[in-house]
Amino acid sequence: IQKMAEDHGVRALIEIHHNSICESAAATLRVVENFDPRYVGCIFDPGNMIYSGRENWRMGIQMLAPWIAHVHAKNVGWFYSEEKGWSVKDMSLEHGQADFKMVFQALKDVGYEGYVDLEDFRGGYCVKPTGITTEEKLRESYEYQKRVLSELV
């Protein structure tokens, strides 16, 4: 993969994602650590890390810093009901279990200057959202991120 990425002038990425070989920052490091970060990198996804149990945000970002090529801003939370047992629910960036103030501070501290994209699956996947519009999600996320980024040291 590294050779193909180098030959084509791209960077191959693997996403931290539940139910995969890269469910955590440490597992992802084991996959990418022997590759040149110019050609092989990862997508840091705090929301996906909540599914599998998370590691310390700062430690994970510090370990993966050279390989982090992209960040997904997505949040979820675990909930229990008698009917379903434990299940994950899509949440806003502000109200889920991933602490984006800590994530953004850690990214800033390692000098990350790449993209952060919003992945807000509330209301449905790849369909017209129900219960909340795309515009509402974008506005809510923008205001939250603007506030959090202004508080970073």
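Residues numbered from 1 in each chain as written. Predicted model: local features only at pLDDT ≥ 70, side-chain atom pairs only at ≥ 80, totals over all residues. Heavy atoms only, no water.

Draft legend 1. Region of interest: a nonpolar patch on the surface. There is a patch of nonpolar side chains on the surface, built from Trp78, Tyr80 and Trp86 and spanning about 380 Å² of accessible area. Counting through the fold element by element, Trp86 comes out in strand S5 (residues 85-91). With a relative accessible area of 58%, Trp86 lands in the exposed category. (Patch = residues over 30% accessible without salt bridge, like charges linked within 9 Å, V, L, I, M, F, W, Y side chains within 5 Å. Areas by Shrake-Rupley, 256 points an atom, 1.4 Å probe, with all protein chains shown as cover. Salt bridge = Lys/Arg side-chain N within 4 Å of Asp/Glu carboxyl O. Helix = DSSP H or I, 4+ residues; strand = E, 2+ residues; numbered from the N terminus. Buried < 20%, exposed > 50% of the residue type's maximum accessible area, 1.4 Å probe, protein only.)

Draft legend 2. Representation of helix H5 (residues 100-109) within the structure. Those residues of H5 that sit buried are Phe100, Val103, Phe104, Gln105, Ala106 and Leu107. Taken together, the buried residues of H5 touch helix H3 (46-52), helix H4 (57-64), strand S3 (68-73), strand S4 (75-81), strand S6 (116-118) and helix H6 (134-151). In the segment just after H5, Gly111 is the residue with positive phi, at about 85 degrees. (Contact = heavy atoms within 4.5 Å.)

Draft legend 3. Molecular detail of the side chain of Asp90. Following the sequence through the fold, Asp90 ends up in strand S5. For the buried Asp90, no salt bridge exists, and the shortest N-O distance to an oppositely charged side chain is 6.6 Å, to Lys74. (Lys, Arg positive; Asp, Glu negative; His and termini not counted.)

Draft legend 4. Here's a closer look at the pattern of salt bridges. Under the criterion given, the structure shown has 11 salt bridges. In this structure, Lys74 and Asp45 form a salt bridge, with 3.4 Å as the shortest nitrogen-oxygen distance. With Lys74 in the loop between S3 and S4 and Asp45 in the loop between strand S2 (40-44) and H3, this residue pair connects regions lying 29 residues apart in the sequence. For the pair shown, Lys74 and Asp45 are each scored as buried. Across the pair Glu119 and Lys74 runs a salt bridge whose closest N-O atoms are separated by 3.3 Å. One end of the pair, Glu119, is in the loop between S6 and H6; the other, Lys74, is in the loop between S3 and S4, and 45 residues separate them in sequence. Judged by relative accessible area, Lys74 falls into the buried class, the value being 6%. Several salt bridges converge on common partners, so that one network encompasses Asp45, Lys74 and Glu119.

Draft legend 5. Representation of unusual backbone geometry in the model. We note that Asn19 has phi near 60 degrees; this positive angle belongs to a residue other than glycine. Tracing the chain through its elements places Asn19 in the loop between strand S1 (12-15) and helix H2 (25-32). The class for Asn19 is exposed, based on a relative accessible area of 73%.

Draft legend 6. Region of interest: the nonpolar core. Among the nonpolar cores identified, the biggest contains 28 residues, and Phe44, Leu64, Ile68, Phe100 and Leu107 are the most heavily contacted of them. Breaking this core down by element, the ones donating at least two residues are H2, S2, H3, H4, S3, H5 and H6. The biggest single contributor to this core is H5, with five residues. Filtering out sequence-adjacent residues up to four positions away, Phe100 remains in contact with Pro46, His72, Ala73, Lys74, Asn75, Leu93, Tyr144 and Val148. (Core = buried A, V, L, I, M, F, W, Y, C linked by side-chain atoms within 4.5 Å.)

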